[in-house]
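Here is what each chain is made of, one letter per residue.
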Amino acid sequence: MTTFWCELAWLGGDEPEPGVVIEIEGGEIASVGSGIGAPPAGVIPGLANAHSHAFQRALRGRTEGATRDGSFWTWREQMYALAERLTDPETMRRLARATFGEMALAGITLVGEFDYVHHSSAMIEAAREAGIRMTLLDACYLEGGLPSFRDRDAGAWAERVGAIEAGDGVRIGAAIHSVRAVDPRSAAAVARFAAERGWVVHAHVSEQVRENEECVARYGATPTGVMAAAGAVSDRFTAVHATHMTDEDAAALLDAGAFVCMCPTTERDLADGIGTVPGRLTLGSDSQSVIDLFEEARAVELDQRLATGIRGRWSAAELLTGATANGYESLGWPGGGVIRRGAPADLVAVRRTGVRLAGAPASDALPALVFAGTAPDVSDVVVGGRVIVRDGTHVSVDVVGELQAVIGELSR
Ligand SMILES: [Zn+2]
């Protein structure tokens, strides 16, 4: 039995509870008590990064300083050039391990790795070494991109994905890369395969206006329309981005109880636009231009303010639910991302004495954290009852040293 004392802990309401004691046994929360004095740290459930491409961490700093007239499509050329160099699984494992280490330092306890470079064993090993949970979303990719992204057909994808061994702390899900890369019949085959196994299904949807135009010209339907007709849209479906949606698209996602994964720092960087979240909110670091789910969470509300001139569409608790419980469920871990008896013991301690959060009263601790907190305010991280970050340092990964080494090699 391990006991954690929290000065404040967010148990799901609009305000955190003072003096919470969490007892952990066998990787699960055994009891939650409140009203007990404790040391100075606020505790929230573990954060779920619902959309990640780990390899893109090596692009940080190289692509954001955009050239004139740059766009998603010019960025994609740089991303392909990097992917072309990542043929060696050992290099991928080292890059992913350091990237997942950075995620752990930011309070991320579960990552959804949307993998179209198909280094599944390396990714799984890397997550295990970094101590975080993972849902490996192996992407079906049949057209375009690089040859290494592509499977021959949906049957070949299913055969490959069906053979992946998950193991402790890892679950498998399906991904349909996009309507650019997967035709409607193949998308239907992927959706069926996933439904038979109860897997979640993620897809990039309507990130770009041009993507919508090409899809309508080719299939006579929007990307969401194609996904819905393929049987992919359900309460196990996550539409990643969902930026340029019609009213019918939005209704289809909402009616199905689907998730929408917003990746605002990436969407800003790539000049994609501002979406309206037509579904249950989740959050992702996507291109890894930063790894900070507090930044992603506040951006959902703040970008809406700029776009609409109205404040307060989202409360801090709703944004944090997107970053925790919703993210867990969208990645096939329902019941995670909450502090409750029987939930996985994934916890994040936030320093309330650091310069950014100092002075905020307990009753405002949630808005302070969501609108002013950053990844470096995370002090300790627990996954399944095991401490993986202690006092701001990863217990087993030299995150900075490993990032420098592997990205340095890749840029040579
Ligand atoms: Zn993506």
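Residues numbered from 1 in each chain as written. Predicted model: local features only at pLDDT ≥ 70, side-chain atom pairs only at ≥ 80, totals over all residues. Heavy atoms only, no water.

Draft legend 1. Region of the structure containing the coordination of the zinc ion. Only H51 (NE2), H53 (NE2), H204 (NE2) and D286 (OD) from the protein reach the zinc ion as donors, at distances of 2.1 to 2.7 Å. Around the zinc ion, the four donor atoms sit at angles spanning 85 to 171°, and that spread fits a shape best called irregular. Coordination of the zinc ion draws on donor residues from a single chain, spaced H-x1-H-x150-H-x81-D in sequence. Taking relative accessible area as the criterion, H51 reaches 0% and is therefore assigned buried. On the accessibility criterion, H53 (3% relative accessible area) is buried. (Donors = N, O, S within 2.8 Å, 3.2 Å for Na, K, Ca; no water. Tetrahedral: all angles 85-135°; square planar, octahedral: opposite > 155°, others 65-115°. Buried < 20%, exposed > 50% of the residue type's maximum accessible area, 1.4 Å probe, protein only.)

Draft legend 2. Region of interest: the packing of aromatic side chains. Here the structure, examined in full by the defined rule, presents nine aromatic pairs. The structure contains a cluster of three or more aromatic residues connected by ring pairs, namely F55, Y80, Y116, Y141 and F149. For R210, the ring lying beneath its charged end belongs to W73, and the centroid distance is 3.8 Å. (Phe/Tyr/Trp six-rings, centres within 6.5 Å; stacked < 30°, edge-to-face > 60°. Lys NZ or Arg CZ within 6 Å of the ring centre and 35° of its normal.)

Draft legend 3. Expanded view of helix α3 (residues 120–130). Looking at α3, one finds that the buried residues are S120, A122, M123, I124, A126, A127 and A130. Each element contacted by the buried residues of α3 is listed here: α2 (89–105), β6 (108–115), β7 (133–140), β8 (170–176), β15 (386–390) and β16 (393–394). Within two residues after α3, G131 carries a phi angle of roughly 85°, on the positive side. (Helix = DSSP H or I, 4+ residues; strand = E, 2+ residues; numbered from the N terminus. Contact = heavy atoms within 4.5 Å.)

Draft legend 4. Just the pattern of salt bridges, in detail. Evaluation of the coordinates by the stated rule reveals 23 salt bridges. Salt-bridge contacts for R94 lead to E409; the nearest nitrogen and oxygen are separated by 3.0 Å. Linking R94 in helix α2 with E409 in helix α14 (residues 399–411), this pair joins segments that are 315 residues apart in sequence. Between R351 and D391 there is a salt bridge, with its nearest N and O atoms 3.9 Å apart. Taken together, the residues span a long stretch of sequence, with R351 in strand β13 (residues 347–351) and D391 in the loop between β15 and β16 at a distance of 40 residues. Judged by its relative accessible area of 56%, D391 is exposed. Salt bridges sharing common partners tie together E90, R93, R97, E129 and E402. (Salt bridge = Lys/Arg side-chain N within 4 Å of Asp/Glu carboxyl O.)

Draft legend 5. Geometry of the environment of G359. With respect to the helices and strands, G359 occurs in the loop between β13 and α13 (365–372). Note on G359: relative accessible area 75%, which makes it exposed. Sequence separation of G359 and R180 is 179 residues, and the distance between their C-alpha atoms is 49 Å.

Draft legend 6. Representation of a negative patch on the surface. There is a patch of like negative charges on the surface, built from D14, E15, E17, E318 and D364. Relative to the helices and strands, D14 is located in the loop between β1 (2–9) and β2 (17–25). (Patch = residues over 30% accessible without salt bridge, like charges linked within 9 Å, V, L, I, M, F, W, Y side chains within 5 Å. Areas by Shrake-Rupley, 256 points an atom, 1.4 Å probe, with all protein chains shown as cover. Lys, Arg positive; Asp, Glu negative; His and termini not counted. Charge placed at Lys NZ, Arg CZ, Asp CG, Glu CD.)

Draft legend 7. Structural context of the packing of helix α4 (residues 154–162) against helix α5 (residues 184–197). Contact pair α4 / α5: the axes reach a minimum separation of 9 Å and the direction vectors enclose 30°. If you check the angle between α4 and α5, you find them roughly parallel. Taken as a pair, α4 and α5 cross one another with a handedness that is right-handed. Note on element contacts: α5 touches α4 through S186, A189, V190 and F193, opposite A154, W157, A158 and G162. Here the residues of the contact of α4 with α5 sort into six nonpolar, two polar and no charged. (Axes fitted to C-alpha atoms, helices over the stretch in contact; angles between N-to-C directions. Parallel < 35°, antiparallel > 145°, perpendicular 65-115°, else oblique. Left-handed = near helix turned anticlockwise from the far one by under 90°. Nonpolar A, V, L, I, M, F, W, Y, C, P; charged D, E, K, R; others polar.)

Draft legend 8. Up close: α14. In this model, α14 (13 residues) spans 18 Å end to end at C-alpha, consistent with the 18 Å of a helix rising 1.5 Å per residue. For α14, the full list of buried residues reads V399, L403, V406, I407 and L410. The arc that holds every buried residue of α14, seen down its axis, measures 95°, which confines them to one face. In α14, the exposed residues that point more than 90 degrees away from the buried face are V400 and Q404. Tucked into the core, α14 has its buried residues touching α1 (72–85), α2 and β16. (Expected span 1.5 Å × (residues − 1). Arc of directions from axis to C-beta.)

Draft legend 9. Representation of the side chain of T243 within the structure. Counting through the fold element by element, T243 comes out in the loop between β10 (237–241) and α8 (247–256). A relative accessible area of 9% places T243 in the buried class. Not counting residues up to four positions away in its chain, the partners in contact with T243 are V205, S206, E207, D272, G273, I274 and G275.

Draft legend 10. Highlighting the sheet that holds strand β9 (residues 201–205). Ordered by their spatial adjacency, eight strands build an open sheet running β5-β6-β7-β8-β9-β10-β11-β12, and the pairing between neighbours is parallel. Because the sheet does not close on itself, it has two edges, and the strands there are β5 (47–52) and β12 (280–283). Along the sheet, successive strands turn relative to each other by an average axial angle of 25°, direction set aside. Pairing between β5 and β6: four bridges, direction parallel. Its bridge partner lying in β6, L47 is registered against I108. In this fold helix α10 (residues 293–308) packs onto β5, β6, β11 (259–262) and β12, with an angle of close to 145° to the strand it touches most, β12. (Pairing = 2+ DSSP bridges.)

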